Amino acid sequence: ATLLAGFTFTFLSNLDFVEPEEGYLSADALRKLGLDGVDETDAGALSWNWSVWLKQLLQVSFICVSYSCLFINLWCTHQCVVNSILGPGLALRGPSGSVHRAVSTLMKQCGFVFELFELGVLTFGLSLMLYGVIYFGVVAWFPATIISCLLARATYKSIQKVILQLWLCAPLFE
């Protein structure tokens, strides 16, 4: 999760957000807001053609998905750190019954952290696909996305086999 958060931060740090030549607001709207030095060629979003709208939508989607990915992966990392410090601390130094409480809590947290990690991986994949279509174009993006989807499917199947073999059911501990 920490590694994915780092990759996502690098994406966002190096982002070259392309603003439309027509601007977001028209020159009249900018003057009404009291802004000086208005570019008279700014026609605003209502003058954009479909390709400008698509580019802006993809860029905003990329930023939203990437920020979500960053924070989900940081949340997952933080949750792991808190669990790994407080859980054993309670089990080793807590009052009577603390071991059962620590194990029960950590078991629940294990599932939650696993779900966070999976969500972080999913949002990272979506972020990669959006990055690819924005910066490499459809010709390069399409085959890369097909290959990535096939690899993601193989990864998912492989992980599902491991989960079926290793996942403990909650009733075993209660």
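About the criteria used
- Residues numbered from 1 in each chain as written.
- Predicted model: local features only at pLDDT ≥ 70, side-chain atom pairs only at ≥ 80, totals over all residues.
- Heavy atoms only, no water.
- Core = buried A, V, L, I, M, F, W, Y, C linked by side-chain atoms within 4.5 Å.
- Buried < 20%, exposed > 50% of the residue type's maximum accessible area, 1.4 Å probe, protein only.
- Helix = DSSP H or I, 4+ residues; strand = E, 2+ residues; numbered from the N terminus.
- Axes fitted to C-alpha atoms, helices over the stretch in contact; angles between N-to-C directions.
- Parallel < 35°, antiparallel > 145°, perpendicular 65-115°, else oblique.
- Left-handed = near helix turned anticlockwise from the far one by under 90°.
- Contact = heavy atoms within 4.5 Å.
- Nonpolar A, V, L, I, M, F, W, Y, C, P; charged D, E, K, R; others polar.

**With respect to the nonpolar core**
Line of reasoning, step 1. In terms of nonpolar packing, the biggest core is built from ten residues, these being Leu4, Phe11, Leu58, Phe62, Val65, Cys69, Phe124, Leu130, Val133 and Ile134.
Line of reasoning, step 2. Breaking this core down by element, the ones donating at least two residues are helix H1 (2–13), helix H3 (50–93) and helix H4 (98–135).

**Re the packing of H4 against helix H5 (residues 137–166)**
Line of reasoning, step 1. Packing of H4 against H5 leaves a shortest axis separation of 8 Å and a crossing angle of 165 degrees. On the basis of their axis angle, the class for H4 and H5 is roughly antiparallel. Like other packed secondary-structure pairs, H4 and H5 cross with a definite hand, here right-handed. Seen from H4, the contacting residues are Phe114, Met129, Gly132, Val133 and Tyr135; seen from H5, they are Gly137, Val138, Trp141, Thr145, Cys149 and Ile163.
Line of reasoning, step 2. Along the lines of polarity and charge, the residues of the contact of H4 with H5 split into eight nonpolar, three polar and no charged.

Coordinates in, geometry out; function isn't part of it.
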